[in-house]
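Analysis of the macromolecular model
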Amino acid sequence: MERALPGSCYVLIAGTGAAGLAAAFAAACAGLDVCLIEKDQWIGGTTAFSGGVLWAPGHRVAGRVGTDEDVVTALAYLRAEAGNHLNAPMAERFLKEVPRILDRLVNEAGLDLTAPVYPDYHPALDGWTDQGRTLRPKPFDGRKLGPDIHLVRPPLPTMTILGGMMVSADDMKPLMHAMSSIANALHSANLIGRYAFDRLVHRRATRLT
């Protein structure tokens, strides 16, 4: 992945995880000269290892409308989770800005998100809620990246099946009950067939989730 660095740039960003890529996008939209660097052989950082799930109180995905109360209660939950380790001004700024930032990434960068019904982790804590704060990306067709698909960090083997096939939470039930209905059987066959074709043509899975 080694490429020559420019002699100068206006904005230098180190790391190609979600934070670095979002910062690069914002800087480029502002018309700034951006250089995004990565020390690893792949792009994606630790974001590519995770499920890509976002904790974003007040988001406006799936018709949810953020309110000031979302900031107050979410901040209470962060305080309960982090105790005296919480940087309160930074946390409050994050909670106030994250809906606007996500709006821009969805509307201008094409980020495609869904809002599953995921509760916060610890229901006994102040500010806890059983849904509405969590987002995850929808499966992405890596073939849109062309040859650059090979620059994307492969998933952890323990997070895949059949030696590299990525599956989302929505895929698990059809795969585990493939013989229980025609719909589940077709869904499973499509996933496995696509993965087999990808391995032959692209040498890796291109359905990223």
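Residues numbered from 1 in each chain as written. Predicted model: local features only at pLDDT ≥ 70, side-chain atom pairs only at ≥ 80, totals over all residues. Heavy atoms only, no water.

**Examining helix α5 (residues 182-201)**
Its 20 residues give α5 an end-to-end C-alpha distance of 28 Å, which sits within 8% of 28 Å, the value for a rise of 1.5 Å per residue. Among the residues making up α5, those that are buried are N184, S188, L191, Y195 and D198. For α5, the angular spread of the buried residues around the axis is 95°, confining them to a single face. Exposed and oriented more than 90 degrees from the buried face of α5 are I182, A183, N190 and L200. Tucked inside the fold, the buried residues of α5 contact β8 (165-166), α4 (169-176) and β9 (207-208). Positive backbone phi, at 70°, marks R203, one or two positions downstream of α5. (Helix = DSSP H or I, 4+ residues; strand = E, 2+ residues; numbered from the N terminus. Expected span 1.5 Å × (residues − 1). Buried < 20%, exposed > 50% of the residue type's maximum accessible area, 1.4 Å probe, protein only. Arc of directions from axis to C-beta. Contact = heavy atoms within 4.5 Å.)

**Looking at unusual backbone geometry**
Despite not being glycine, L162 has its phi angle at roughly 55°, a positive value. You can see L162 is positioned in the loop between β7 (160-161) and β8. Although it is not a glycine, R203 sits at a positive phi angle of roughly 70°. One can find R203 in the loop between α5 and β9. Of the residues examined, R203 reaches a relative accessible area of 61% and is grouped as exposed.

**Looking at the pattern of salt bridges**
Where charged atoms from two side chains of opposite charge approach closely, those side chains can pair. For the structure shown, the criterion picks out 13 salt bridges. Across the pair R104 and E108 runs a salt bridge, and its minimum N-O distance is 3.2 Å. Separated by four residues within a single helix, R104 and E108 lie in helix α3 (residues 88-108), roughly one turn from each other. We classify E108 as partly exposed; its relative accessible area is 49%. Of the charged contacts, one joins R133 and D120 as a salt bridge, the two residues approaching to 2.5 Å between their closest N and O atoms. Remark: D120 occurs in the loop between β4 (113-114) and β5 (134-137) and R133 occurs in the loop between β4 and β5; sequence separation between them is 13 residues. With respect to class, R133 is no different from D120; both count as buried. (Salt bridge = Lys/Arg side-chain N within 4 Å of Asp/Glu carboxyl O.)

**What about the environment of A80?**
By the secondary structure assignment, A80 is in helix α2 (residues 68-82). Residues A80 and G127 lie 47 residues apart in sequence; the distance between their C-alpha atoms is 8.0 Å. Residue contacts for A80: discarding those within four places in its chain leaves L125 and D126.

**Let's talk about the side chain of S188**
Looking at the secondary structure, you find S188 in helix α5. Overall, S188 belongs to the buried group, its relative accessible area being 5%.

**Concerning the packing of α4 against α5**
Relative orientation of the contacting elements α4 and α5 amounts to 115°, with a least axis distance of 8 Å. Here α4 is positioned roughly perpendicular relative to α5, judged by the angle of their axes. Once α4 is placed against α5, the crossing between them reads as left-handed. Residues D171, K173, P174 and L175 of α4 touch α5, and the partners they reach there are N184, H187, S188 and L191. (Axes fitted to C-alpha atoms, helices over the stretch in contact; angles between N-to-C directions. Parallel < 35°, antiparallel > 145°, perpendicular 65-115°, else oblique. Left-handed = near helix turned anticlockwise from the far one by under 90°.)

**Side note on the sheet that holds strand β3 (residues 54-55)**
Taken together, the three strands give an open sheet; going across it, the order is β3-β5-β4, and neighbouring strands pair in antiparallel fashion. Taken across any chain shown, the strands that pair with only one partner, and hence form the sheet edges, are β3 and β4. Sheet topology places β4 next to β5; two bridges connect them, and they run antiparallel. Looking across to β5, one finds that L113 is bridged to P137. (Pairing = 2+ DSSP bridges.)

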